[in-house]
Amino acid sequence: MKILKADPIGMCFGVRRAIETLEKALSGGKTVYAIGSPIHNPQEVERLRAKGLLVVENEETVPEGAVAFIRAHGVAPAVIERLERKGATIIDGTCPFVRVVQTRARELSDAGYHVLILGDEKHPEVAGILGYVRGSATVISSVSAFLNSTIIQKSGRIPKLGLVSQTTQQHRLLAEVAQAAVGRADELRVFNTICHATRERQQAVAELAAKTEGLIVIGGHDSANTAKLCRIARDSGCPAQRIEHAGELDETWLNGKKSIGVAAGASTPDWLIDQSIRAIEEIAGRQGDVSNE
Ligand code: SF4
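The structure presented is a predicted model; accordingly, all values stated were derived computationally and were not measured. (Residues numbered from 1 in each chain as written. Predicted model: local features only at pLDDT ≥ 70, side-chain atom pairs only at ≥ 80, totals over all residues. Heavy atoms only, no water.)

Colleague: Please set out the packing of helix 9 (residues 196-211) against helix 10 (residues 224-235) residue by residue, giving values where relevant.
Modeller: One can describe the packing of helix 9 onto helix 10 by two numbers: an axis separation of 9 Å at closest approach and a directional angle of 35°. In this structure, helix 9 meets helix 10 at a crossing whose hand is right-handed. Listed contacts from helix 10 to Arg201, Gln202, Val205, Ala206 and Ala209 of helix 9 are Lys228, Leu229, Ile232 and Ala233. Per-class residue counts for the contact of helix 9 with helix 10 are six nonpolar, one polar and two charged. (Axes fitted to C-alpha atoms, helices over the stretch in contact; angles between N-to-C directions. Helix = DSSP H or I, 4+ residues; strand = E, 2+ residues; numbered from the N terminus. Left-handed = near helix turned anticlockwise from the far one by under 90°. Contact = heavy atoms within 4.5 Å. Nonpolar A, V, L, I, M, F, W, Y, C, P; charged D, E, K, R; others polar.)

Take a look at the structure:
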């Protein structure tokens, strides 16, 4: 069995950077309070818990003077202010690409633009971006949501409209929203704030799916980007299995396949990928055939 690895695979720059920052903070021996799970991967969270990580839902539960960690998605400035009032030591793991969106949203609102955010309104990254807007803002996830939004329904045309995007949105959708916005605004500014990490992983999976008989995608069961990678493979006709760790590999499914692709979501740590590849190699070995690329 030929085993081919997606390139790029696993943790994106922002998540890797945040986790490294967190590990450095944990090495000080103090409990570190993360506002929300620092990564969509239960095995990695478990490993960090053993080093002193405590995941809390929000800043309200962080004790006075504690060490608080901000994950790659970032938070609203009000959250930072509340932590500062508590005398917390803040370890900021906000991804620099998320920081760009926050900065653009602030600049646009300060310059009098109504800020249009393309994204998932329930996502913590979007909540953080919204917090940087000092004027008015609308969050939309599609062109129809934009056209049906209160601001459009009420005023029809907007004098100054500024469009930014959650980092993980698709370029095609941003272009469609921008096109719809052109006809609705007297003045329109568009910032392409999409990060390439998601697209690169999706392209790598599409390429692998075209040349293998099956694809294993490693990632947390609650990781949306891992689910998307699986869907891309299946939509292109390549059977795909999603696993969180090596223990979930299905030997029967692998049986008889001459080539297997391995991909991983942007929150999957290297050690879980290595472990899974070793397990696939062992299975292939038992079936009497293994080669790596
Ligand atoms: S997906 Fe992009 S924006 Fe999000 S954490 Fe990773 S590198 Fe940063």
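Here the narrative resumes, following the displayed structure.
Colleague: Please set out the sheet that holds strand 6 (residues 114-118) residue by residue, giving values where relevant.
Modeller: Pairing between sheet strands relies on hydrogen bonds along the backbone, with the strands arranged either parallel or antiparallel. Taken in spatial order, the four strands make up an open sheet running 7-6-8-9, and their pairing is parallel. Whereas interior strands pair on both sides, the edge strands pair on one side only; in this sheet they are strand 7 (137-140) and strand 9 (185-190). Strand-to-strand twist in this sheet, taken as the mean axis angle between neighbours without regard to direction, amounts to 25°. Relative to strand 8 (residues 158-165), strand 6 is paired through five bridges, and the arrangement is parallel. Residue leucine 116 lies in a different strand from strand 8, and its bridge partner there is leucine 163. Contacting strand 6, strand 7, strand 8 and strand 9, helix 8 (residues 171-182) crosses the sheet at an angle of about 160° to strand 9. (Pairing = 2+ DSSP bridges.)

Colleague: Run through the sheet that holds strand 2 (residues 32-35), naming residues and quoting values.
Modeller: Ordered by their spatial adjacency, four strands build an open sheet running 3-2-4-5, and the pairing between neighbours is parallel. Two strands bound the open sheet, and with one partner strand each, they are strand 3 (53-56) and strand 5 (89-92). Shown here is a sheet whose adjacent strand axes are inclined to one another by a mean of 30°, direction ignored. Here strand 4 (residues 67-70) runs beside strand 5; their pairing, made up of four bridges, is parallel. Paired with alanine 68 across the strands is isoleucine 90, a residue of strand 5.

Colleague: I'd like a rundown of the domain arrangement of the protein chain, residues and numbers included.
Modeller: Looking at the protein chain, the domain boundaries give domain 1 (2-10 + 196-292), domain 2 (13-94) and domain 3 (97-190). Of the residues lining the interface, 10 residues belong to domain 2; the matching set on domain 3 comes to 12 residues. Here domain 2 meets domain 3 over a buried area of about 770 Å², counting both sides, of which 60% is carbon and sulfur. Considering only the surface of domain 2 that becomes buried against domain 3, His73, Pro77 and Thr94 emerge as the three largest contributors, covering 54% of it. Of the charged contacts in the structure, one is a salt bridge between arginine 99 and aspartate 92, with a shortest N-O distance of 2.6 Å. Between the two partners, domain 2 and domain 3, sit one residue pair in polar contact (both at pLDDT 80 or more). (Domains from an automatic or database assignment. Buried area = accessible area lost by both parts, 1.4 Å probe. Salt bridge = Lys/Arg side-chain N within 4 Å of Asp/Glu carboxyl O. Polar contact = N/O pair within 3.5 Å; in protein donor to acceptor, adjacent residues only side chain to side chain.)

Colleague: So what about the site of the ligand? Which residues, and what values?
Modeller: Neighbouring residues of the ligand: Cys12, Gly14, Val15, Ala72, Cys95, Phe97, Thr167 and Cys195. The cavity that encloses the ligand is the largest pocket. Its residues placed into classes, the shell around the ligand shows six nonpolar, two polar and no charged. (Near = heavy atom within 4 Å. 1 Å grid on protein atoms, 1.4 Å probe; cavity = no way out; pocket = protein on both sides within 12 Å on 5 of 7 lines; lining within 4 Å. Sits in = over half its atoms within 2 Å of the grid points.)

Colleague: So what's going on with helix 9? Which residues, and what values?
Modeller: Three or four residues apart is the spacing at which side chains of an α-helix point the same way, because the helix has 3.6 residues per turn. End to end, helix 9 covers 23 Å across 16 residues, agreeing with the expected 22 Å (1.5 Å per residue, within 8%). Inspection of helix 9 places Ala197, Thr198, Arg201, Gln202, Ala204, Val205, Leu208 and Ala209 among the buried residues, and these make up the whole buried set. The buried residues of helix 9 occupy an angular sector of 160° when projected down its axis, which confines them to one face. Across from the buried face of helix 9, at angles greater than 90 degrees, the exposed residues are Glu207, Ala210 and Lys211. (Expected span 1.5 Å × (residues − 1). Buried < 20%, exposed > 50% of the residue type's maximum accessible area, 1.4 Å probe, protein only. Arc of directions from axis to C-beta.)

Colleague: Any chance you could break down the layout of surface pockets for me, citing the residues and the numbers?
Modeller: The volume enclosed by the largest pocket comes to roughly 1,100 Å³. His123, Thr167, Thr168, Thr198 and Asn225 are the residues nearest the centre of the largest pocket, which is lined by 46 residues in total. In terms of residue count, helix 9 provides more of the lining of the largest pocket than any other element does, six residues in total. Within this model, the second largest pocket holds a volume of roughly 170 Å³. Surrounding the second largest pocket, Ile35, Gly36, Glu57, Glu59, Arg71, Gly74, Val75, Ala76, Val79, Pro124, Ala127 and Gly128 form its lining. (Points joined across faces, edges and corners; volume = space filled by probe spheres on them.)

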